[in-house]
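Listed below are the residues making up each chain.
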Amino acid sequence: MNYRHAFHAGNFGDCMKHALLVWLLRALQRKPAGLFVLDSHAGAGRYDLAGGSAERTAEWRDGIARLLDDPPEALADYVTLARDCGLYPGSPVLIEALLRPQDRLACCELHPEDHAALRAAMRGGGVAVHRRDAWEALGALLPPPDGLRRALVLVDPPYEAEDEFARLAAGLARGHARFPAGVFAAWYPIKHRAPVRRFHTAIRESGLRDVLAAELWLREPLDPAGLNGCGLLLVNPPFGFATAAEERLAALLARLGAGEAGQGFAVERIVDE
Ligand SMILES: C[S@@+](CC[C@H](N)C(=O)[O-])C[C@H]1O[C@@H](n2cnc3c(N)ncnc32)[C@H](O)[C@@H]1O
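Let me begin by describing the structure that accompanies this report.

Calculation criteria
Residues numbered from 1 in each chain as written. Predicted model: local features only at pLDDT ≥ 70, side-chain atom pairs only at ≥ 80, totals over all residues. Near = placed C-beta within 6 Å. Helix = DSSP H or I, 4+ residues; strand = E, 2+ residues; numbered from the N terminus. Nonpolar A, V, L, I, M, F, W, Y, C, P; charged D, E, K, R; others polar. Buried ≥ 20, exposed ≤ 12 C-beta atoms within 10 Å, placed from the backbone. Pairing = 2+ DSSP bridges. Right-handed = clockwise from strand over helix to strand, strands pointing away. Axes fitted to C-alpha atoms, helices over the stretch in contact; angles between N-to-C directions. Contact = placed C-beta atoms within 7 Å. Parallel < 35°, antiparallel > 145°, perpendicular 65-115°, else oblique. Core = buried A, V, L, I, M, F, W, Y, C linked by C-beta atoms within 7 Å.

## Considerations on the site of the ligand
Consideration 1: Neighbouring residues of the ligand: 20 residues in total, closest His 41, Gly 43, Gly 90, Ser 91 and Ala 134.
Consideration 2: For the shell around the ligand, the elements supplying multiple residues, two or more each, are α1 (12-28) and α6 (134-140).
Consideration 3: A class-by-class count of the residues in the shell around the ligand yields 8 nonpolar, 6 polar and 6 charged.

Structure follows, in structure tokens:
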């Protein structure tokens, strides 16, 4: 395990994922019934952007740094929450900040140092921190505990392994088989188009229904070595997701895009309801 999220925290991919994550949580919390959130690849929880690893890549300077002052309206909820969290929050800290007393969060992180940091970052109430394999957890931690009947599952792997897209498609199918009513959100990098096309085909062939993909490109995805864009695949998207995602992607592109050829965004239906 070489990937450390500390080098990438706050980059445009994080901003896209977290802006949509915050919308998803708010949408699912419109109902008073408790929600179970599973963050399968949770990372370290909090990151010091101004020091150490993040400053070495400085990816955050082209990401969250450009949103903090005067955030566009569509991103204001997410940016305000991130700012209120203090030290830059990863997905589990953002989720914990929105957790209601009736909700539960389970987060998994396999890397020993990041798991220890995550444990220290989470305050406790309603939160379980596991050091376990995410792909195994998608089967083992679903359906939700404590009689909860709704779930949001964030799947955010590091894409170190050659077969990560295939593992993701299989993991989503496994989780969905355990809890078909769950909302599944899976982040993926867009370096060039071929792996993403293969992933969407695998999803179509998996039998999953009601799948959307929200994608943001900062440039034409032609260079397999660069993070040219990113996507969030949604299984069972809540009502209004497509419109909300388009608003957020447009705002992200306006602030983070450099006007390069091929930049853009889209929310595409991958599988019908
Ligand atoms: C992209 S980062 C997660 C970032 C986090 N979701 C956020 O948005 O703040 C992926 C994390 O997954 C962890 N990881 C990698 N393989 C894993 C596995 N099989 N099970 C659990 N965690 C894993 C890595 O150590 C890394 O911290």
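Back to the text.
## Some points on unusual backbone geometry
Consideration 1: A cis amide bond, omega 0 degrees, links Leu 142 with the succeeding residue Pro 143.
Consideration 2: Position of Pro 143 relative to the elements: it lies in the loop between α6 and β6 (151-155).
Consideration 3: The phi dihedral of Ala 58 falls on the positive side, at around 60 degrees, and the residue is not glycine.
Consideration 4: Look at Asn 236: it is not a glycine, yet its phi comes out positive at around 60 degrees.
Consideration 5: Residue placement: Asn 236 occurs in the loop between β9 (229-235) and α9 (241-256).
Consideration 6: On the basis of neighbour counts, which here come to 21 C-beta atoms within 10 Å, the residue Asn 236 falls in the buried class.

## Observations regarding the pairing of strand β5 (residues 127-130)
Consideration 1: Sheet topology note: the strand β4 (residues 104-108)/β5 ladder contains 4 bridges and is parallel. Bridge pairing in β5 places Ala 106 opposite Ala 128.
Consideration 2: Between the parallel elements β4 and β5, the chain passes through helix α5 (residues 112-121) in a crossover that is right-handed.

## A few points about the sheet that holds β9
Consideration 1: Overall, mixed pairing links the 8 strands, which are arranged β5-β4-β1-β6-β7-β9-β8-β10 in an open sheet. A single partner strand is all that each edge strand has here, and the edge strands are β5 and β10 (264-271). Strand-to-strand twist of the sheet, defined as the mean angle between neighbouring strand axes without regard to direction, takes the value 15 degrees.
Consideration 2: Where strand β1 (residues 36-39) and β4 come together, 4 bridges link them in parallel fashion. Each bridged residue has a counterpart across the sheet, and for Asp 39 the counterpart in β4 is Cys 107.
Consideration 3: Against the sheet, helix α8 (residues 193-205) contacts β7 (183-190), β8 (211-217), β9 and β10, and its axis sits at roughly 30 degrees relative to β10.
Consideration 4: Contacting β8, β9 and β10, α9 runs over the sheet at an angle of about 10 degrees to β8.

## Describing the packing of α1 against helix α3 (residues 76-84)
Angle between the axes and distance between the axes are the two parameters that describe a pair of packed helices.
Consideration 1: Here α1 crosses α3 at 100 degrees, and the two axes come no closer than 9 Å. Between α1 and α3, the angle falls in the class roughly perpendicular. On α3, the residues touching His 18, Ala 19 and Val 22 of α1 are Asp 77, Tyr 78, Leu 81 and Ala 82.
Consideration 2: Looking at the contact of α1 with α3 residue by residue, the class counts come to 5 nonpolar, 1 polar and 1 charged.

## Brief notes about the nonpolar core
Consideration 1: Among the nonpolar cores identified, the biggest contains 84 residues, and Met 16, Ala 19, Leu 20, Leu 152, Ala 185, Ala 186 and Leu 252 are the most heavily contacted of them.
Consideration 2: Considering every element that reaches this core, the biggest residue donor is α1, with 10 residues.
Consideration 3: Ignoring anything within four residues of it in the chain, the contact list for Leu 252 reads Phe 12, Cys 15, Met 16, Ala 19, Leu 75 and Leu 216.

## Describing the pairing of β6
Consideration 1: Taking burial as the measure, the 5 residues of β6 include 5 buried ones, the bulk of the element.
Consideration 2: Burial along β6 is two-sided: Ala 151, Val 153 and Val 155 facing one way and Leu 152 and Leu 154 facing the other are all buried.
Consideration 3: Alignment of β6 against β7, held across 4 bridges, turns out to be parallel. The residue of β7 that forms the bridge with Val 155 is Ala 186.

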